[in-house]
Amino acid sequence: SAVISQKPSRDICQRGTSLTIQCQVDSQVTMMFWYRQQPGQSLTLIATANQGSEATYESGFVIDKFPISRPNLTFSTLTVSNMSPEDSSIYLCSVRDRLNSPLHFGNGTRLTVT
Amino acid sequence: RKEVEQDPGPFNVPEGATVAFNCTYSNSASQSFFWYRQDCRKEPKLLMSVYSSGNEDGRFTAQLNRASQYISLLIRDSKLSDSATYLCVVRSGTTDSWGKLQFGAGTQVVVTP
């Protein structure tokens, strides 16, 4: 399966600032996604990162708060904007490369907002 | 009702024993099923896909019951290293579409010496 590298692996940020998380895959993949996992919760899909066009956001998530880029088939970024303590979470990049294939995850970014 | 439901546990299992747990799903059109393992503060990792006829991977056995809409995971000869949260993932949609993945909240397994 693809090797997915995410950085930073963790960060502590102040309220009101923004953080950009990078996701690099070692091969071209069709589908890239960004998930959030809040403490003690399961995974929630934030958006599908579309190559060369605007991301597709799930209900409850908006582009102004979570802008996403995907300039090519191997790279994507997620920005968490104007952060508040409620944004403290693990953010996970994930990929799928075939219709029935499972999801593979990056190592995650552990964000704490103070 | 959640689309994918799991008993959160924890399931406390003596080392060497067998443990089994289920995951129920609400969408009868679900197409693909997976079990993931997530260690504390780590990303989920694919444990195994679940096939219609059931499948085995070493000490792990997965079963699918479409009539009752659940999948199961059985772990034999439990090891201390099996302690983790096991996530059930279900894909809905048609066979020729990407579909949508739904995650269960996970079942925690604690293997004790």
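Below or above, wherever it landed, is the structure these notes cover. (Residues numbered from 1 in each chain as written. Chains lettered and ligands numbered in written order. Predicted model: local features only at pLDDT ≥ 70, side-chain atom pairs only at ≥ 80, totals over all residues. Heavy atoms only, no water.)

A word on the overall build of chain A
Check the secondary structure of chain A and you find 0 helices and 11 strands. Ordering the α and β elements of chain A from the N terminus gives β-β-β-β-β-β-β-β-β-β-β. Expected size for 114 residues packed as a compact globule is a radius of gyration near 13 Å; at 13 Å, chain A falls within 12% of this value. In terms of overall dimensions, chain A has C-alpha extents of about 40 × 25 × 20 Å along its principal axes. Relative to its full complement of 114 residues, chain A shows a buried share of 52%. Pairs at least 24 residues apart make up 54% of the contacts formed inside chain A by residues separated by at least 6 positions. (Helix = DSSP H or I, 4+ residues; strand = E, 2+ residues; numbered from the N terminus. Rg over C-alpha atoms; globule rule 2.2 N^0.38 Å. Buried < 20%, exposed > 50% of the residue type's maximum accessible area, 1.4 Å probe, protein only. Contact = heavy atoms within 4.5 Å.)

Things to note about the sheet that holds strand β8 (residues 75–80) of chain A
All names here are of chain A. Read from one edge to the other, the open sheet built from 4 strands follows the order β1-β3-β8-β7, with strand pairing classed as antiparallel. What marks the edges here is a single partner per strand, and that holds for β1 (4–7) and β7 (68–72). For this sheet the average axis-to-axis angle between neighbouring strands, irrespective of direction, equals 15°. Bridge count between β7 and β8: 3 bridges; the pairing is antiparallel. Across the sheet, Ser69 pairs through a bridge with Thr77, a residue of β8. (Pairing = 2+ DSSP bridges. Axes fitted to C-alpha atoms, helices over the stretch in contact; angles between N-to-C directions.)

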